[in-house]
Amino acid sequence: MKIKVNGEEKTIELDQENALLSKALDSMGYRPNTIVVELNSLIINSIKWEKVKLKEGDNLEIVSIVGGG
């Protein structure tokens, strides 16, 4: 399945049936507690990542949270 991630086209190895946002993020190496995800211009609450299915051509914007002081 091809999707865009932060403006860059990526191919992820998930079939349409199992194309959950949580699985896609995991396969790309993102840690859930350090990111905010926008799917097709809507911010998705991390509680819903296990239920949201991706479709061919979806657009993800992923922002990493960086702590510091």
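Predicted model only: the values in this text are computed from it and were never measured.

Reading the values: rules and limits
Residues numbered from 1 in each chain as written. Predicted model: local features only at pLDDT ≥ 70, side-chain atom pairs only at ≥ 80, totals over all residues. Heavy atoms only, no water. Pairing = 2+ DSSP bridges. Helix = DSSP H or I, 4+ residues; strand = E, 2+ residues; numbered from the N terminus. Axes fitted to C-alpha atoms, helices over the stretch in contact; angles between N-to-C directions. Buried < 20%, exposed > 50% of the residue type's maximum accessible area, 1.4 Å probe, protein only. Contact = heavy atoms within 4.5 Å. Polar contact = N/O pair within 3.5 Å; in protein donor to acceptor, adjacent residues only side chain to side chain. Core = buried A, V, L, I, M, F, W, Y, C linked by side-chain atoms within 4.5 Å.

### Concerning the sheet that holds strand 5 (residues 59-64)
Spatial ordering of the open sheet is given by 2-1-5-3-4, a layout of 5 strands whose pairing is mixed. Unpaired on one side and paired on the other, strand 2 (8-11) and strand 4 (42-44) mark the two borders of the sheet. Averaged over neighbouring strand pairs, the angle between their axes works out to 35 degrees when direction is ignored. As paired elements, strand 1 (residues 2-5) and strand 5 share 2 bridges and run parallel to each other. The partner of Val5 across the bridge, within strand 5, is Leu60.

### Observations concerning the side chain of Ser22
Tracing the backbone through its elements, the reader meets Ser22 in helix 1 (residues 21-27). A relative accessible area of 14% places Ser22 in the buried class. Once residues within four sequence positions are removed from consideration, Ser22 is found in contact with Trp49 and Glu50.

### A closer look at the environment of Thr34
Following the sequence through the fold, Thr34 ends up in the loop between helix 1 and strand 3 (35-39). Since its relative accessible area comes to 22%, Thr34 is described here as partly exposed. Ignoring sequence-local partners within four residues, the contact set of Thr34 consists of Val63, Ser64 and Ile65. Separated by 2.9 Å, the side chain of Thr34 and the backbone oxygen of Arg31 make a polar contact.

### A short note on the environment of Ala24
For Ala24, the position within the fold is in helix 1. Ala24 sits 18 residues away from Leu42 along the chain, and the two C-alpha atoms are 17 Å apart. The contacts of Ala24, once residues within four sequence positions are left out, are Ile12, Leu14 and Leu54.

### Examining the nonpolar core
In this structure, Leu21, Val37, Leu54 and Leu60 are the most contacted members of the largest nonpolar core, which totals 18 residues. Sorting the residues of this core by element identifies strand 1, helix 1, strand 3 and strand 5 as the ones contributing at least two each. In contact with Val37, other than residues within four places in its own chain, are Leu21, Leu25, Leu42, Ile43, Ile44, Trp49, Leu60, Glu61 and Ile62.

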